[in-house]
Number of protein chains: 4
Amino acid sequence: MTTELERLAVRLREFARVREWEQFHTPKNLVMALAGEVGELVAEFQWLTADESSSPDPDTLARMRTELGDVTLYLVRLADVLGVDLVEAAQAKLDDNDRRYDADLYRGSAKKAPRAT
Amino acid sequence: MTTELERLAVRLREFARVREWEQFHTPKNLVMALAGEVGELVAEFQWLTADESSSPDPDTLARMRTELGDVTLYLVRLADVLGVDLVEAAQAKLDDNDRRYDADLYRGSAKKAPRAT
Amino acid sequence: MTTELERLAVRLREFARVREWEQFHTPKNLVMALAGEVGELVAEFQWLTADESSSPDPDTLARMRTELGDVTLYLVRLADVLGVDLVEAAQAKLDDNDRRYDADLYRGSAKKAPRAT
Amino acid sequence: MTTELERLAVRLREFARVREWEQFHTPKNLVMALAGEVGELVAEFQWLTADESSSPDPDTLARMRTELGDVTLYLVRLADVLGVDLVEAAQAKLDDNDRRYDADLYRGSAKKAPRAT
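What counts and how
Residues numbered from 1 in each chain as written. Chains lettered and ligands numbered in written order. Predicted model: local features only at pLDDT ≥ 70, side-chain atom pairs only at ≥ 80, totals over all residues. Heavy atoms only, no water. Helix = DSSP H or I, 4+ residues; strand = E, 2+ residues; numbered from the N terminus. Contact = heavy atoms within 4.5 Å. Buried area = accessible area lost by both parts, 1.4 Å probe. Salt bridge = Lys/Arg side-chain N within 4 Å of Asp/Glu carboxyl O. Polar contact = N/O pair within 3.5 Å; in protein donor to acceptor, adjacent residues only side chain to side chain. Nonpolar A, V, L, I, M, F, W, Y, C, P; charged D, E, K, R; others polar. Buried < 20%, exposed > 50% of the residue type's maximum accessible area, 1.4 Å probe, protein only. Lys, Arg positive; Asp, Glu negative; His and termini not counted. 1 Å grid on protein atoms, 1.4 Å probe; cavity = no way out; pocket = protein on both sides within 12 Å on 5 of 7 lines; lining within 4 Å. Points joined across faces, edges and corners; volume = space filled by probe spheres on them.

- For chain A, an unreviewed UniProt entry supplies the name Nucleotide pyrophosphohydrolase and the organism Nonomuraea marmarensis.

Below you can see the structure in the form of structure tokens.
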């Protein structure tokens with residue numbers, strides 16, 4: 001079964017192909033584009049308090065949504081050219097975190113666990 | 001039907017709940033965590049040439065995959081607390097880009113299109 | 001008169017020269033290294049409240065200081081290879097901001113001014 | 001003697017004071033603003049080859065200079081509210097790097113040294 005992220009990756013491949021942009025879409029360039037978009041996303045939150053960030057007004061939320069869309073596009077495109085399955089990679093990392101951050105030990109704590117060895 | 005990203009979001013919700021970490025997971029904090037992880041991802045590519053970034057050795061690719069997993073986890077968690085559907089947001093942005101970047105006009109060009117008005 | 005940033009730039013030039021690292025120090029690579037270090041700096045603040053970020057404990061402040069040092073090193077090195085004077089560039093931008101953000105109009109407001117035309 | 005960075009910090013303090021922006025200038029908010037500006041700087045380089053990044057055309061260099069100015073402003077302001085001397089922090093880090101990266105051992109190599117213990 002084709003997932004929604006695979007369909008998005010296919011659409012991005014075609015988008016790049018018809019514009020002859022594959023030449024620009026090296027992993028190195030794409031990770032920079034991703035970083036640039038994440039910078040724009042961060043900028044939407046920079047002057048908000050924690051509470052304000054949790055209930056943004058409709059205009060602000062619309063801009064956040066647009067930037068989240070941009071971040072997703074470059075993340076999916078980067079993973080595609082590298083041949084990485086994002087959901088599998090995320091699940092593998094979450095399995096790790098489940099082991100590293102024992103629920104009883106880290107309850108209510110923002111401390112970082114030591115690196116798994 | 002539940003998508004793979006929704007299942008990941010649900011798993012992350014539970015991961016935060018049992019650790020009582022919801023208090024830390026404001027959108028403002030999560031976008032910072034996302035930016036931190038993107039920084040680690042960028043660092044994997046910083047000294048590679050464009051060609052090297054396209055065919056990383058297995059160890060480097062494994063580290064890139066781990067960092068892509070981290071980025072995906074925070075992106076999915078951030079979108080979840082904001083109530084944003086990442087794939088819909090990405091598709092809406094790609095629809096925009098399809099209109100902004102006429103294939104004939106921007107073929108082989110890395111120039112930025114003027115903002116849609 | 002040689003300024004402290006010029007002395008730092010000269011020391012970094014020599015540091016790169018004796019290690020034959022100039023080949024890696026293209027502006028493109030250096031801006032990625034800068035982004036990576038800024039990601040590490042952001043990570044130090046991600047779970048802190050605004051108040052906690054204003055009075056970090058000594059260990060946290062020491063880590064922030066180390067990361068600020070890294071950011072400064074790559075920023076100075078990047079500006080040096082591009083031939084840009086950071087302080088002049090910052091002053092020019094601050095002159096702009098002085099004009100864009102009229103003190104009476106923007107007093108107590110975090111709104112963004114429209115781009116100067 | 002007052003250095004050029006101290007003079008810039010003083011000017012930024014006054015800029016924030018007359019606009020009553022100190023309330024927004026927590027270290028947490030400022031590091032986010034810094035990350036946002038670094039994102040804009042990275043975006044200037046994302047589609048350039050390494051060679052192109054080393055000899056940008058005048059318009060591109062002017063935009064890079066503007067973004068470098070923004071990055072410097074937020075970096076200096078952040079360090080000022082934290083009470084950190086950027087040049088001292090950078091020199092301390094460079095002293096460390098001098099020890100970690102033995103010139104003979106790391107000549108021509110982009111490998112990362114193990115963390116000092």
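Anyway, onward from the coordinates.
## A closer look at the environment of A:Asp98
Alright, step 1. Within the secondary structure layout, A:Asp98 lies in helix 5 (residues 86–100).
Alright, step 2. Once residues within four sequence positions are removed from consideration, A:Asp98 is found in contact with B:Arg11, B:Phe15 and B:Arg19.

## Brief notes about the interface of chain D and chain C
Often, the extent of an interface is quoted as the loss of accessible area on bringing the components together.
Alright, step 1. Contact with chain D, which involves 66 residues of that partner, is made by 66 residues of chain C.
Alright, step 2. Taken over both partners, the interface formed by chain D and chain C buries close to 5,900 Å², and the fraction arising from carbon and sulfur atoms is 67%.
Alright, step 3. A salt bridge links C:Glu20 to D:Arg107, with the nearest nitrogen and oxygen atoms 3.8 Å apart.
Alright, step 4. Here chain D and chain C share 28 residue pairs in polar contact (both at pLDDT 80 or more) between them.
Alright, step 5. Taken together, the elements giving at least two residues each to the side of chain D that touches chain C come down to helix 1 (4–18), helix 2 (27–45), helix 3 (50–54), helix 4 (58–82) and helix 5 (86–100) of chain D.
Alright, step 6. With 13 residues, helix 4 of chain D is the largest single contributor of residues to the side of chain D that touches chain C.
Alright, step 7. By residue class, the composition of the side of chain D that touches chain C is 38 nonpolar, 14 polar and 14 charged.

## Points about the pattern of salt bridges
Alright, step 1. For the structure on display, the rule yields 48 salt bridges over all chains.
Alright, step 2. With its nearest N and O atoms 3.0 Å apart, the salt bridge here joins A:Arg63 to A:Glu44. Linking A:Arg63 in helix 4 (residues 58–82) with A:Glu44 in helix 2 (residues 27–45), this pair joins segments that are 19 residues apart in sequence.
Alright, step 3. Overlapping salt bridges, with partners in common, bring together A:Arg11, A:Arg19, B:Asp95 and B:Asp98 in one network.

## Some words on the side chain of C:Glu37
Alright, step 1. Relative to the helices and strands, C:Glu37 resides in helix 2 (residues 27–45).
Alright, step 2. One buried charge, C:Glu37, has no salt-bridge partner; the nearest side chain with opposite charge is D:Lys93, at 5.7 Å.
Alright, step 3. Among all residues touching C:Glu37, those that are not within four sequence positions of it are C:Glu67, C:Asp70, C:Val71 and C:Tyr74.

## Notes on empty space enclosed by the protein
Alright, step 1. Within this structure, the stated rule accounts for three cavities of 30 Å³ or more.
Alright, step 2. In this structure, the largest cavity encloses a volume near 160 Å³.
Alright, step 3. Around the largest cavity, the lining comprises 16 residues; the ones closest to its centre are A:Ala35, B:Ala35, B:Val38, C:Ala35 and D:Ala35.
Alright, step 4. Considered class by class, the residues forming the lining of the largest cavity number 12 nonpolar, four polar and no charged.

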